[in-house]
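Results of the structural survey
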Amino acid sequence: MKTPLIMTPGPTSVHEDVRRAMAKAITNPDLDMEFYEFYKETCNQLKKLFLTSNDLLILNGEGILGLEAACASLIEPGDQVLCLDNGIFGKGFGEFAEIYGAEVTYFKSDYRKAISVDALEQFLADRHDFKLALLVHCETPSGITNSVNRICPLLKKYGILTVVDSVSAVCGEELKTDEWQMDLVLAGSQKCISASPGLSIVSISKDAWKVIRGRKRPAAGFYCNLGIWSNWYEKKWFPYTQPISDLYGLKAAVDRILEEGDSIARHKKYAEAVRNSLLNAGLELYAQDGFSNTVTTIIIPEGICFRELFDAMLTDHNIMIAGAFDYLADTVFRIGHMGENCREDKLYLTLKALDDVLKKHHILLKKDLHREFVNLIL
Ligand SMILES: *Cc1c(COP(=O)(O)O)cnc(C)c1O
């Protein structure tokens with residue numbers, strides 16, 4: 001099998017340095033004291049990317065584990081939870097909260113736009129008796145980034161805990177955890193960080209710890225309970241055996257990002273160029289504002305269906321693009337420009353292949369996608 005170039009919004013390509021780190025000989029992570037130092041150092045490096053002095057943990061499960069752990073650890077049955085819903089992940093986050101017994105109020109807004117901070121402000125002025133709010137930084141299916149910089153401080157003004165799914169945003173979108181008063185920030189290894197899938201990352205503020213430690217009833221479950229990580233470093237005790245090879249990979253990936261310096265500027269630059277190439281060629285984007293730095297969602301033009309587009313990209317060009325699910329299935333396709341995929345050569349190849357496939361299907365383009373991309377980044 002020839003490995004395709006995966007230009008999907010996660011998982012993303014994993015750099016050779018990261019794969020090499022994953023192949024290192026392992027130790028016993030429970031008994032080797034040096035491993036505790038390694039884990040802590042990896043957390044400290046991640047804190048630099050989150051711009052936080054809060055505690056940070058790496059959980060041993062794909063991004064969804066972090067979302068579920070947030071709900072399991074913070075929510076008690078009957079709690080009032082506000083879910084900011086402008087997309088599939090936002091709505092789904094609210095449903096997780098319901099599983100843990102929350103009474104969820106959905107602040108639903110236009111799925112093609114970023115959440116309106118003004119509308120939210122008006123809503124909150126009337127009603128703000130919420131213990132916590134769930135929101136998504138970047139709605140990956142629609143390619144929309146929400147203004148967490150304004151939303152989180154607004155929620156905190158009313159004493160509402162802020163829980164942010166930043167899985168597809170961390171390292172690609174600006175993130176200032178402490179300055180923006182984000183209580184829980186959730187990330188995954190397989191998006192802009194470009195390590196292999198399998199790890200969740202969560203930063204936890206003092207206010208959030210207070211809620212976790214002050215529960216009336218213990219959290220339902222063990223693996224999802226963030227409380228089991230209390231004092232792991234002081235006690236030299238992990239709640240379960242660490243996936244050491246995945247963590248070696250993650251550390252190598254994070255080192256690469258820190259060495260680069262400003263990965264967000266790179267994401268912004270290439271996202272703009274991809275977006276404008278598509279627009280200038282006459283294609284339509286799903287998002288109407290709040291355009292994401294990490295993924296672009298494009299309406300499938302007339303004359304081709306998703307299956308034909310996907311198959312032709314893969315068979316003729318060995319490039320994998322993504323569709324979307326739920327109500328967006330067969331309506332849009334997505335190009336991920338995250339992490340290691342957010343590179344000029346890979347994006348050029350992707351747009352050139354897309355140009356070829358669309359033209360072979362007699363879809364009129366006003367510009368050559370790849371040529372336009374090159375012009376835009378010059
Ligand atoms: C990728 C992603 C997750 C993790 O979910 P998977 O679909 O299992 O990869 C969670 N939230 C957002 C916003 C994501 O993009």
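Keep in mind the model is a prediction, meaning the values are calculated, not measured.

What counts, and where the lines are drawn
Residues numbered from 1 in each chain as written. Predicted model: local features only at pLDDT ≥ 70, side-chain atom pairs only at ≥ 80, totals over all residues. Heavy atoms only, no water. Near = heavy atom within 4 Å. Polar contact = N/O pair within 3.5 Å; in protein donor to acceptor, adjacent residues only side chain to side chain. Nonpolar A, V, L, I, M, F, W, Y, C, P; charged D, E, K, R; others polar. Pairing = 2+ DSSP bridges. Helix = DSSP H or I, 4+ residues; strand = E, 2+ residues; numbered from the N terminus. Axes fitted to C-alpha atoms, helices over the stretch in contact; angles between N-to-C directions. Contact = heavy atoms within 4.5 Å.

Regarding the site of the ligand
Every residue lining the ligand is accounted for by Glu 62, Ile 64, Phe 89, Cys 138, Thr 140, Asp 165, Val 167, Ser 168, Gln 190 and Lys 191. Taking Thr 140, its side chain carries an N or O atom lying 2.4 Å from an oxygen atom of the ligand. In this structure, Lys 191 approaches the ligand through a side-chain N or O atom, which is 2.7 Å from an oxygen atom. For the shell around the ligand, the per-class residue count stands at four nonpolar, three polar and three charged.

Some remarks on the sheet that holds strand β2 (residues 55-59)
Sheet architecture is open: seven strands sit in the order β2-β10-β9-β8-β5-β3-β4, paired in mixed fashion. Two strands lie at the open edges of the sheet, namely β2 and β4 (103-108), each paired on one side alone. In this sheet, neighbouring strand axes are inclined to one another by 20 degrees on average, regardless of whether the strands run parallel or antiparallel. On top of the sheet, helix α2 (residues 33-50) reaches β2, β9 (184-188) and β10 (200-204); it is set at about 115 degrees to β2, its chief contact.

A short note on the environment of Ile 300
Its place among the elements puts Ile 300 in the loop between β11 (295-299) and α11 (306-317). Once the C-alpha coordinates of Ile 300 and Lys 251 are considered, the two residues, 49 residues apart in sequence, prove to be 38 Å apart. Not counting residues up to four positions away in its chain, the partners in contact with Ile 300 are Cys 305, Phe 306, Asp 330, Thr 331, Val 332 and Phe 333.

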